[in-house]
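# A closer look at the structure
Spelled out, the chains give:
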Amino acid sequence: MAAAETLKNTVEQFSTASNQAFKDGVEKSLAALAEANTHSKKNLEALVASVTAATKGAEALGAQTFAYSKKAAEDQVAAAKSLAAAKSVQEAVELQTAWAKSALEAYIAQVSKASEIVSASIKDSVKPLNERVSATVEKLQAAR
């Protein structure tokens, strides 16, 4: 009888330990899945933020370019009218030179503005992705 009782106790202890180990394994797996889900969600949010920033940059660049094109066309029409009204060849050359100079200055200013918009857009677009990469690297280093 004592042997049967010992066997029974051993089986109960083994069963309890097995159940606890299984429960612990399931809890660890669920925690890992929840962490992976959170990580994926943050990555998706970073991607959305990046695309949103790029879209805003593209919209700003488009609006700036449209405004420049409109102003340049208006300036060209005004220059053509004043050139047509010139009273001498000398006056026409002076008007043409003045217009060319102002058109070139406006173009250079536009290129500078466009460069600033593109640069800011790239910076804003890459920032959320860099943050996620940094977070991932920190997590991997902490896991070592």
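For the structure given in this document, a descriptive report is provided here. For clarity, every value in this text was computed on a predicted model and none was experimentally measured.

### Digging into helix 2 (residues 89-143)
In a regular helix each residue adds 1.5 Å, so 55 residues correspond to 81 Å; helix 2 covers 80 Å between its end C-alpha atoms and thus fits that length. Roughly 30 degrees is the biggest bend found in helix 2, and it falls at lysine 127, with proline proline 128 one to four residues downstream. Taken together, the buried positions of helix 2 are Gln110, Ala114, Ile117, Ser121, Ser125, Pro128 and Arg132. Turning to helix 2, the residues buried within the fold contact helix 1 (2-84).

### Quick notes on helix 1
Over its 83 residues, helix 1 runs 122 Å from end to end, which matches the ideal 123 Å to within 8%, given 1.5 Å per residue. Taken together, the buried residues of helix 1 touch helix 2.

### A look at the side chain of serine 50
Tracing the backbone through its elements, the reader meets serine 50 in helix 1. Judged by relative accessible area, which is 8%, serine 50 ranks as buried. Among all residues touching serine 50, those that are not within four sequence positions of it are Ser125, Pro128 and Leu129.

Reading guide: rules and limits
- Residues numbered from 1 in each chain as written.
- Predicted model: local features only at pLDDT ≥ 70, side-chain atom pairs only at ≥ 80, totals over all residues.
- Heavy atoms only, no water.
- Helix = DSSP H or I, 4+ residues; strand = E, 2+ residues; numbered from the N terminus.
- Expected span 1.5 Å × (residues − 1).
- Bend = angle between axes of the 7 residues up to and from the residue.
- Buried < 20%, exposed > 50% of the residue type's maximum accessible area, 1.4 Å probe, protein only.
- Contact = heavy atoms within 4.5 Å.

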